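# Summary of the model geometry
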Amino acid sequence: MSGLQGVGLLLLWGSACLWLPGLTRGALIISGTSEALQETGGAARSLQKRSTNELTVEVYSVTVDCTVTSRFAHTVMTSKALNKANKSQEIFFEVELPKTAFISNFSMEIEGQVYIGEVKEKEKAKKQYEKAVSSGQTAGLVKASGRKMEKFSVSVNIAAKSNVTFVLTYEELLQRKLGQYEILTRVKPKQPVQDFQIVTNIYEPQGIAFVETHANFLSNELLPLVEKTVTDKKAHISFSPTLDQQRKCRGCDETIIDGDFIIKYDVNRAHGLGDIQIVNGYFVHFFAPPDLPRVPKNVVFVIDRSGSMSGHKMHQTREALQAILKDLHEEDHFALIPFDHSTEVWRESLTKATKENLSEALSYVSNIYSRGSTNINDAMLRGVNMLIKDRQEKRLPERSIDMIILLTDGNPDGGKASLPVIQRNVRTATGGNMTVFCLGFGNDVDYPFLDVMSRENKGIARRIFEGSDATLQLQGFYDEVASPLLLEVDLRYPDNAVDFLTTNHFNQLFNGSEIVVAGRLTDNDLDNFLVEVYGQGFEEDFNVQGQARALDWDVIYPGEEYIFGDFTERLWAYLTIQQLLDKSKTGTSDEKANTTAKALDMSLLYSFVTPLTSMVVTKPETEDGPESPLIADKLTEEQRQLAERTAHRYIPSQAHPVMNYLPPTQYVDGDPHFMIELPDREDALCFNINDKPGTIFNLVRDPTSGILVNGQIIGDKKIPPDGKINTYFWRFGIVHKTLGVRLEVTTEDIWVLQDGKQVKLLWTDTAGLKGPNVDLLLTKDRSLTVTLRDSVKFVILLHKVWKSHPYHRDYLGFYTLDSHLLSPSVHGLLGQFYHGIEFEVSELRPGEVPEKPDATMFVKGQELNVTRGWQRDFRGDVKNGENIPCWFIHSNGTGLLDGTFTDYIVSGLFKTV
């Protein structure tokens, strides 16, 4: 049973979710969040024991109401529930919303009393939050949820026989990508609801070109329930299944609805100026003219082939490059620059994309393999200089766009230049004449570094998520920038007619995208509102001008109650804040501070939850305690990345929806502490093995694949003053019999034996070693990544201790990645947990240490006393580590392990007995 199943009834409807008390006797309800626990280093989740056999909370209404007006989406999610029990209960409300959206309002209505969220400066809200958690109260957070969404959650204690209504509002400007806009609503119900509906109304005065609706749960029976009415300038889409239509089977409480409800649409495109909307003294200008000829591009692909790209990443990169090369137009020019610690070029100058040249390039790409470290500085400068030289020698079309696309998965470590120096070198070398796009592969990439380097050179950075669809992500990004239409686009307005203008100069306009500019009118004299658009086209300049006219919305939409007439002002505010946040990442320290201050002021003025603000909701006072705040934050991309690192979540590929689980992560690091992370439960188990130094333990044994991992422990140099001798792993033996690979890793060196050949590596090296069956990536004095072909990946960390330390020695940590690839027969101290573990925790009570409470765990038919504690994960920070909360199983893991710990002692580093 998963953790949430243990909690009980979990309902998620149209991105709205309620956690309710369970049906199981003695089930648990979590009234805190894992984020709050980790944020405070806190002790335990607040657990509330249940003893009811009846459903005591009724969710009777969940609605999602989205109104889109000229691309600006305003979404209201409402959920209503009744506590039917004779005592109060804690109820959670969860919503998943697009990460590009800003929360603008939240309220709870309880017994006629309305509690409304207030947007405050983040630092002020943080103080209020810290005060709450320090007093033991629950405080909520927003957390990342997959690639596109983030999760907002609140909890509230509801009195007996009382109602609660949750209302969340968020707003966003829809971005046009690949010729369409997308409205995404996450629908993950766990049980049918009496009144459930999704309603979307789209108002587009330009006229609607098409509307498509899709959801992977729409069966032939549910498809007719999607009602879609489309007229020239309005679309209405609704989905409202009955209770019986929601059920997976007759009479059961399971629902067939589970997935994303997606609406895609586009508007009619007018030649010339584009579309200008004027409402209540603010205007918005949309510009995406149709039928423009594409501008040729000169693109240099700078490809990271360092050791960390080995295996699946390199394979996906090769696949994506081959697909991209095939899509190049003959008038385009291109270059290929693979790099590791050194830089290589396919050809000394850019090459025209003829069939013959592309054929040779495809063959070259197929033979790019990973090795070495990551010298981004030299590779980027080589690409810039190649473009400059070809420009000077007039090998490239005069009217064409120069761009560099960098793909990397790691931090620059193969050159002498620091990150700021690399950014300055690239910025100076391009001279503002090139566009740099940076694609960051995976969680270890330094995204802020890539983000700034792109912004300083007219481009953007994009994260490529690891998964089986990474190839499609790479291709998708390229498709967005593959067809430039205009360069150096200016949208000009009379200085005496408008002010507070958003960005109105754009380096390029790509096919399928859209330029948006907004501003405020200084007066309503539209006779003076002359608009001009200028850009550099393929063969000639693009230059149009005209008079802006206000539309009469009452005439276009007669009888409509206009939902929020200030949409142009809020769209302007949204766009201004986004652009200020982007600008705050570059420039001098004074410029950054100035733009940040402006973004903060506007966020507070318009009540937007941005990375600079938080929404504070004061929960009602209960018999359990005084009023306590809940905090809703907005995550930056860097914070999302950090959250993914600390969570170590496996994100299933959209291309393989059957993989709907998050495989656990297992590792041993420290004294030696064994850690079993269970991301699907947002929890972890840990235990220790106390034995004499020199003992060798079997960690992993998979007879099906032939994989064996053993580890030997070492003790302190002498007995410390406290009399406790610490033990650590200092040596590992790894065998893959099927592939003929054998490794011995110690704190001094690494020996690799394959096909009768033996190689020695030292921890003082940075190196990449690629073989037909195993790839190794060694980062100096830090880590060794072992990737076995079509199988599991291991990461071994080196912990170096001060040589003159009186007691401690150097030691190793061992981490397993992709453990789900091993067979069901895998075993060992770690291996037995590779396919999960079922357990329940209840009866939380004070422990010997106040911040480490005890609890009762039911696992493998036994009842154990466990203690809430922490273990450190050192993958993100090899020096300090990251605190991970876990349930500690005492007595050498007795009751959790199959058998006893002595069953896992072996006689040799490569022995099974």
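Residues numbered from 1 in each chain as written. Predicted model: local features only at pLDDT ≥ 70, side-chain atom pairs only at ≥ 80, totals over all residues. Heavy atoms only, no water.

## What about the side chain of asparagine 710?
Secondary-structure assignment places asparagine 710 in strand E40 (residues 707-715). The class for asparagine 710 is buried, based on a relative accessible area of 0%. Engagement of the side chain of asparagine 710 in a polar contact is seen with the backbone oxygen of leucine 909, the distance being 3.1 Å. A polar atom in the side chain of asparagine 710 sits 2.7 Å from the backbone oxygen of lysine 911. (Helix = DSSP H or I, 4+ residues; strand = E, 2+ residues; numbered from the N terminus. Buried < 20%, exposed > 50% of the residue type's maximum accessible area, 1.4 Å probe, protein only. Polar contact = N/O pair within 3.5 Å; in protein donor to acceptor, adjacent residues only side chain to side chain.)

## Looking at empty space enclosed by the protein
Applying the stated criterion to the full structure yields 7 cavities of 30 Å³ or more. Among the elements of the structure, strand E22 (297-304), helix H5 (312-327), strand E25 (401-408) and helix H10 (470-481) are those that each provide at least two residues to the lining of the largest cavity. With 4 residues, H5 is the largest single contributor of residues to the lining of the largest cavity. Across the lining of the largest cavity, the residue classes break down as 12 nonpolar, 1 polar and no charged. As for the second largest cavity, its lining consists of Cys66, Ala73, Thr75, Pro98, Tyr170, Glu172, Ile183, Leu184 and Thr185. A breakdown of the residues in the lining of the second largest cavity according to their chemical character gives 6 nonpolar, 2 polar and 1 charged. (1 Å grid on protein atoms, 1.4 Å probe; cavity = no way out; pocket = protein on both sides within 12 Å on 5 of 7 lines; lining within 4 Å. Points joined across faces, edges and corners; volume = space filled by probe spheres on them. Nonpolar A, V, L, I, M, F, W, Y, C, P; charged D, E, K, R; others polar.)

## Description of the sheet that holds strand E15 (residues 195-203)
Taken together, 8 strands build an open sheet; the order of strands is E9-E8-E13-E6-E5-E15-E18-E17 and the sheet is mixed. Looking at strand neighbours, the two that pair on one side only are strand E9 (113-116) and strand E17 (226-230), the edges of this open sheet. Averaged over neighbouring strand pairs, the angle between their axes works out to 10° when direction is ignored. As defined by bridge partners, strand E5 (residues 57-69) adjoins E15 across 9 bridges and the pair is classed as parallel. Bridging from a neighbouring strand, aspartate 65 pairs with valine 199 of E15. The sheet contacts of helix H12 (residues 567-583) involve E5, strand E6 (72-83), strand E8 (102-110) and strand E13 (163-173), and relative to E13 the element is tilted by about 70°. (Pairing = 2+ DSSP bridges. Axes fitted to C-alpha atoms, helices over the stretch in contact; angles between N-to-C directions. Contact = heavy atoms within 4.5 Å.)

## Considerations on the pairing of strand E51 (residues 852-859)
By the criterion of burial, E51 is predominantly enclosed, with 6 of the 8 residues buried. Bridge analysis of strand E50 (residues 839-849) against E51 gives 6 bridges, and the strand direction is antiparallel. The residue bridging glutamate 840 from the neighbouring strand is phenylalanine 858, located in E51. For E51 and strand E52 (residues 862-873), the ladder comprises 6 bridges, and the chain directions are antiparallel. Bridging from a neighbouring strand, threonine 856 pairs with asparagine 865 of E52. A loop of 2 residues connects E51 with E52, the two strands running antiparallel in sequence, and lysine 860 in this loop sits at a positive phi of about 50°.

## Let's talk about the state of the cysteines
For the coordinates displayed, the defined rule picks out 1 disulfide. Disulfide pairing places cysteine 686 opposite cysteine 886 at an S-S distance of 2.1 Å. Across the S-S bond linking cysteine 686 and cysteine 886, the dihedral sits near 70°, which makes this disulfide right-handed. Of this pair, cysteine 686 sits in strand E38 (residues 683-688) while cysteine 886 sits in strand E53 (residues 882-889), and the two are 200 residues apart along the sequence. Accessibility classification places cysteine 686 together with cysteine 886 in one group, the buried group. (Disulfide = S-S within 2.5 Å.)

## A few points about the packing of aromatic side chains
By the definition in use, this model includes 34 aromatic pairs. Plain terms: the ring middles of phenylalanine 697 and phenylalanine 729 are 6.5 Å apart, the flat faces sit at 70° to each other, and that makes the pair edge-to-face. With phenylalanine 697 in strand E39 (residues 696-702) and phenylalanine 729 in strand E41 (residues 727-736), this residue pair connects regions lying 32 residues apart in the sequence. Judged on exposure class, the residue phenylalanine 697 and its partner phenylalanine 729 are both buried. (Phe/Tyr/Trp six-rings, centres within 6.5 Å; stacked < 30°, edge-to-face > 60°.)

## Structural notes on the sheet that holds E41
One open sheet holds the 7 strands; their spatial order is E44-E43-E42-E41-E40-E39-E54, and the pairing between them is antiparallel. On the outer flanks of this sheet lie strand E44 (757-762) and strand E54 (905-906), each paired with one strand and no other.

## Describing unusual backbone geometry
Even without a glycine there, the phi angle at leucine 178 is positive, about 55°. Here leucine 178 is to be found in the loop between E13 and strand E14 (181-187).

## Observations concerning the pairing of strand E33 (residues 541-547)
Of the pairings in the sheet, the one linking strand E32 (residues 530-536) to E33 comprises 7 bridges and is antiparallel in character. Along E33, the bridge assignment pairs tyrosine 534 with asparagine 543. As consecutive antiparallel partners, E32 and E33 are separated by 4 residues.

## Quick look at the packing of helix H8 (residues 419-430) against helix H9 (residues 447-455)
One way to put it is that H8 packs onto H9 with a least axis distance of 10 Å and a crossing angle of 20°. In terms of orientation, H8 lies roughly parallel with respect to H9. Crossing of H8 over H9 shows right-handed handedness. Seen from H8, the contacting residues are Leu419, Ile422, Gln423 and Val426; seen from H9, they are Pro448, Phe449, Val452 and Met453. A per-class count over the contact of H8 with H9 returns 7 nonpolar, 1 polar and no charged. (Parallel < 35°, antiparallel > 145°, perpendicular 65-115°, else oblique. Left-handed = near helix turned anticlockwise from the far one by under 90°.)

## Side note on the side chain of threonine 816
Structurally, threonine 816 is set in strand E49 (residues 811-817). A distance of 2.9 Å separates polar atoms of two side chains, one belonging to threonine 816 and the other to tyrosine 834.

## Side note on the pattern of salt bridges
Across all of its chains, the model carries 42 salt bridges by this definition. Between glutamate 514 and arginine 71 there is a salt bridge whose closest N-O contact spans 2.8 Å. Of the two residues, glutamate 514 sits in the loop between strand E30 (505-510) and strand E31 (515-521) while arginine 71 sits in the loop between E5 and E6, which places them 443 residues apart along the sequence. Side by side, glutamate 514 and arginine 71 carry an identical accessibility label, which is buried. When salt bridges that share partners are traced, they join Arg71, Arg176, Glu204, Asp266, Arg269 and Glu514 into one network. (Salt bridge = Lys/Arg side-chain N within 4 Å of Asp/Glu carboxyl O.)

## Quick word on the environment of aspartate 291
Of note, aspartate 291 is situated in the loop between strand E21 (282-287) and E22. Along the backbone, aspartate 291 and histidine 271 are 20 residues apart, and their C-alpha atoms lie at a distance of 8.6 Å.

## Details of the confidence of the model for the chain
Predicted confidence across the chain gives a mean pLDDT of 82, with 87% of residues reaching 70 or more. Per-residue pLDDT stays below 50 along residues 1-54; that stretch engages in 179 contacts with residues further than four places along the chain or on separate chains. Below a pLDDT of 50 lies the segment residues 133-139, which in the model reaches 17 contacts outside its immediate sequence neighbourhood of four places, other chains included. (pLDDT = per-residue confidence, 0-100.)

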